[in-house]
Amino acid sequence: RLKLRLFICREPYARYYFCMVFVPRDLYNTDLRIKMQSILMHELGGVEASFKPNFLESVLCRIDFIVRVNPKQKVPFFSVKDIEAKLVLAARSWGDDLKAALCDFFGEHKASILHAKYLRSFPEGYKEIFLARSAANDVEFIEGALKGDKIGMFFYRMLEESDDRIRFKLFQKDQAIPLTHVLPILENMGLRVIEERPYQI
């Protein structure tokens with residue numbers, strides 16, 4: 001099944017834990033392996049860890065972790081299901097979060113259509129700056145811009161930013177709007193433009 005699962009076996013002399021993690025093959029990469037190893041080390045009180053990926057003849061990849069512990073230390077209480085939930089969270093991609101956010105915005109049926117349409121549409125630079133929930137909100141404006149010749153726009157403020165700073169998003173079909181066209185309008189509103197980040201979706 002295309003889902004992440006964790007199995008843990010404790011060595012009889014309490015020197016290490018043998019952990020098998022099954023993940024969908026297309027999700028496995030070095031970054032995810034490092035995240036999973038860190039979670040297992042922390043939850044099991046490990047002092048050292050080794051790993052070996054096994055690419056099975058199926059849709060899954062199995063990663064074998066050996067998490068060595070200090071046998072003199074008290075064994076920490078842990079729940080396999082809780083650790084598995086943390087591994088699942090670590091394996092979630094931006095695309096997974098986008099699908100969940102689109103479901104919240106548009107409902108399950110329309111979200112499936114939009115997810116297929118936009119999953120590979122956002123550039124990496126965009127995904128590094130914006131959460132998937134912001135992208136789902138942007139999709140609504142992008143769809144509106146695609147249906148007609150109107151420009152989509154809205155002002156917003158990041159929670160962590162000071163009150164004297166706001167952000168402005170502008171959506172235009174087919175071509176970018178030169179900043180020189182936008183600046184006079186914004187400055188006439190008493191705003192000063194600090195930076196511009198254009199993205200092609």
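Now for a look at the structure at hand. Note that the coordinates shown come from a computational prediction; the quantities given were computed from them, not determined experimentally.

## Brief notes about helix α2 (residues 80-91)
So, step 1. Over its 12 residues, α2 extends 16 Å from the first C-alpha to the last, a length consistent with the 16 Å expected when each residue adds 1.5 Å.
So, step 2. Among all positions in α2, only I83, E84, L87, A90 and A91 are buried. Down the axis of α2, the smallest arc covering the buried residues is 115°, so these residues share one side. Turned more than 90 degrees from where α2 packs its buried face, K81, D82 and L89 sit exposed.
So, step 3. Packing partners of the buried residues in α2 comprise β1 (5-10), β2 (16-24), α1 (30-44) and α3 (94-106).

## Description of the layout of surface pockets
So, step 1. Roughly 1500 Å³ of volume is contained in the largest pocket.
So, step 2. What lines the largest pocket is a set of 42 residues, and nearest its centre among them are F168, K169, L170, E196 and R197.
So, step 3. The element best represented in the lining of the largest pocket is strand β6 (residues 167-171), accounting for 5 residues.
So, step 4. Considered as a void within the structure, the second largest pocket measures approximately 440 Å³ in volume.
So, step 5. If you trace the second largest pocket, you find 18 residues lining it, with D26, L27, A91, S93 and D96 closest to the centre.
So, step 6. Among the secondary structure elements, those contributing two or more residues to the lining of the second largest pocket are α2, α3 and α5 (124-129).

## As for the side chain of H115
So, step 1. Counting through the fold element by element, H115 comes out in helix α4 (residues 108-118).
So, step 2. Judged by relative accessible area, H115 falls into the buried class, the value being 14%.
So, step 3. Discounting residues that sit within four places of it in the chain, H115 has contacts with G95, L98, K99 and L102.

## Some thoughts on unusual backbone geometry
So, step 1. With phi around 60°, A14 is a residue other than glycine that occupies positive phi space.
So, step 2. Here A14 is to be found in the loop between β1 and β2.
So, step 3. Unusually for a residue other than glycine, D174 sits at a positive phi of about 75°.
So, step 4. You can see D174 is positioned in the loop between β6 and α7 (179-188).

## Some words on the environment of A14
So, step 1. Take A14: its relative accessible area is 13%, and that puts it in the buried class.
So, step 2. Remark: the alpha-carbon pair of A14 and K173, spanning 159 residues in sequence, is separated by 62 Å.

Rules behind the numbers
Residues numbered from 1 in each chain as written. Predicted model: local features only at pLDDT ≥ 70, side-chain atom pairs only at ≥ 80, totals over all residues. Heavy atoms only, no water. Helix = DSSP H or I, 4+ residues; strand = E, 2+ residues; numbered from the N terminus. Expected span 1.5 Å × (residues − 1). Buried < 20%, exposed > 50% of the residue type's maximum accessible area, 1.4 Å probe, protein only. Arc of directions from axis to C-beta. Contact = heavy atoms within 4.5 Å. 1 Å grid on protein atoms, 1.4 Å probe; cavity = no way out; pocket = protein on both sides within 12 Å on 5 of 7 lines; lining within 4 Å. Points joined across faces, edges and corners; volume = space filled by probe spheres on them.

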